[in-house]
Amino acid sequence: MSEAILLVGGKGTRLRPLTTHTPKPLLRVAGVPFLTHQLARAAEAGVTRLVLATSYLAELFRAEYGDGSPLGLELVYAEEAVPLGTGGAIRNAAELLTCGPDEPVFVFNGDILSGVDLAGLRDAHAASGAAVTLHLTRVEDPRAFGLVPTDGQGRVLAFLEKPQTEAEIITDQINAGCYVFTRSVIDTIPAGREVSVERETFPALLASGALVNGVVEDSYWLDLGTPQAFVRGSADLVRGVVSSPALPGPTGEALVLPGAVVDPGARLAGGTVVCEGAVIEAGAVVHASVVLPGARIAARGSVRDSVVGAHAAIGEDSSLRSAVVGDGAVIGPDNELTAGLRIDCGVRLPARAVRVSAAPAALAS
Ligand code: GTP
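What about unusual backbone geometry?
Following Arg16, the chain continues to Pro17 via a peptide bond in cis, the omega torsion being 5 degrees. For Pro17, the location among the structural elements is in the loop between strand 1 (3-7) and strand 2 (28-29). The backbone phi angle of Ala30 is positive, close to 50 degrees, even though this residue is not glycine. Along the chain, Ala30 turns up in the loop between strand 2 and strand 3 (32-33). On the basis of relative accessibility, which here comes to 3%, the residue Ala30 falls in the buried class.

Regarding the side chain of Ser196
Mapped onto the elements of the fold, Ser196 is located in the loop between helix 5 (183-186) and helix 6 (197-207). Exposure remark for Ser196: the relative accessible area of 15% places this residue in the buried category. Among the polar contacts listed, one links the side chain of Ser196 to the side chain of Glu198, at a separation of 3.1 Å.

Focus on helix 4 (residues 118-128)
Every buried residue belonging to helix 4 is among Leu118, Leu121, Arg122 and His125, and all of these are buried. The buried side chains of helix 4 occupy one side of the element, clustering within an arc of 95 degrees when seen end-on. Residues of helix 4 that are exposed and point over 90 degrees away from its buried face: Asp123 and Ala127. The elements touched by buried residues of helix 4 are helix 1 (34-44), strand 6 (104-109), strand 8 (132-138), strand 9 (173-182) and strand 10 (212-216). Where helix 4 begins, the capping side chain belongs to Asp117, and its oxygen is found 3.4 Å from the backbone nitrogen of Ala119.

Quick word on the site of the ligand
The full set close to the ligand counts 19 residues, and Leu7, Thr13, Glu80, Gly85 and Gly110 are the nearest of them. Thr13 has a polar side-chain atom sitting 2.6 Å from an oxygen atom of the ligand. Ala53 is positioned with one of its backbone polar atoms (N or O) 2.9 Å from a nitrogen atom of the ligand. Protein burial of the ligand: of its 610 Å² of free accessible surface, 82% is covered by the chains. The element that contributes the greatest number of residues to the shell around the ligand is helix 3 (residues 85-94), accounting for three residues. The residue makeup of the shell around the ligand, split by class, is six nonpolar, eight polar and five charged.

Overview of the sheet that holds strand 20 (residues 302-304)
Across the sheet, which stays open at both edges, the five strands sit in the order 14-17-20-23-26 with parallel pairing between neighbours. Looking along the sheet, the strands with just one partner apiece sit at the ends: strand 14 (267-269) and strand 26 (336-337). Note that strand 23 (residues 319-321) and strand 26 share two bridges and pair parallel. By the bridge assignment for strand 26, Leu320 is matched with Leu337.

Remarks on the packing of aromatic side chains
Enumeration over the complete set of coordinates arrives at six aromatic pairs. With a centroid separation of 6.4 Å and an interplanar angle of 65 degrees, the aromatic rings of Phe145 and Trp221 are classed as edge-to-face. One end of the pair, Phe145, is in the loop between strand 8 and strand 9; the other, Trp221, is in strand 11 (residues 221-223), with 76 residues separating them in the sequence. Owing to a relative accessible area of 16%, Trp221 belongs among the buried residues under this scheme. Here Phe181 and Phe202 contribute two aromatic rings whose centre-to-centre distance is 6.0 Å and whose plane-to-plane angle is 25 degrees, an arrangement assigned as stacked.

Reading the values: rules and limits
Residues numbered from 1 in each chain as written. Predicted model: local features only at pLDDT ≥ 70, side-chain atom pairs only at ≥ 80, totals over all residues. Heavy atoms only, no water. Helix = DSSP H or I, 4+ residues; strand = E, 2+ residues; numbered from the N terminus. Buried < 20%, exposed > 50% of the residue type's maximum accessible area, 1.4 Å probe, protein only. Polar contact = N/O pair within 3.5 Å; in protein donor to acceptor, adjacent residues only side chain to side chain. Arc of directions from axis to C-beta. Contact = heavy atoms within 4.5 Å. Near = heavy atom within 4 Å. Areas by Shrake-Rupley, 256 points an atom, 1.4 Å probe, with all protein chains shown as cover. Nonpolar A, V, L, I, M, F, W, Y, C, P; charged D, E, K, R; others polar. Pairing = 2+ DSSP bridges. Phe/Tyr/Trp six-rings, centres within 6.5 Å; stacked < 30°, edge-to-face > 60°.

Written out as structure tokens, the structure is:
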């Protein structure tokens, strides 16, 4: 028996409006709820019993996964009436663990797509006898992250806040959101109040002299918390840049789910996913995007690096670039929605309401 806790209670504000009706871990990535990829990876690594730490839209998780048996897992649900933060959620979920104080427990953030060797992480934890072992990943630009320097043996030296100056960038290692805790260590997290594992629990463990280890692994890693990362993660799974035991294998340029209708005169590329009930009309081009169930892209629509929400409609000749259209929104013909634009669920945009005019330099040439 091997147990794990998976944190899925966050509000997913950076992915609004996609997370208005659907919690981030249940959004479809490469055709299945993102959480299914993580559950399948946990099961593959030998996890047999997993506590889902829920809060925001908690009831939707049980409705989706039940007791977990189709995934070969025993799933149990912890619920926070008020979100308790990452540390508080781990402490609350631990009430449902059955293992002894010395046993290892995996803890996963519910929005990380990664190829980390989970069994290797657990072995490293057992070999070192650490209180906690963290998966650390290296990033090109560490400025947006808290940094986690380690010594030559992998011992974590500090948990540093986001660097403000170049001099503060003393490592490119960051917390990758996947840990192995020795069970008794979880029981030391204060119960019944909000706790951040990153800002409070880990620094407190270091201050108390506990051994906190980091395993630096450079396998695929992506935090799907932003719309850009969300579409990229989905496309990477479809194209096989990263694999998932929840998928039969890469499908190439596009994944069209049964029940979707794609006109032969439409073009799908870049790892696009078209979910069931969605319709793509003639002349439309959809690149590296996610088209959620029941959405429609009318003739000659152009959609790139974007998410089209469930039952949303994109009008003829409209184009989307790095945009997010919420569930049920209707974009009239001939609109241009570009970088970062988000349209709320249910909004109706008339024809030619938003257009991006060419920059003067481009007009001059
Ligand atoms: P943003 O609001 O966009 O930052 O997303 P988020 O709410 O998911 O927060 P964040 O990305 O920092 O959370 C990391 C992981 O912890 C995600 O899997 C969240 O679901 C989870 N999480 C964050 N806060 C809580 C909480 O209070 N309770 C529980 N159960 N999980 C949480």
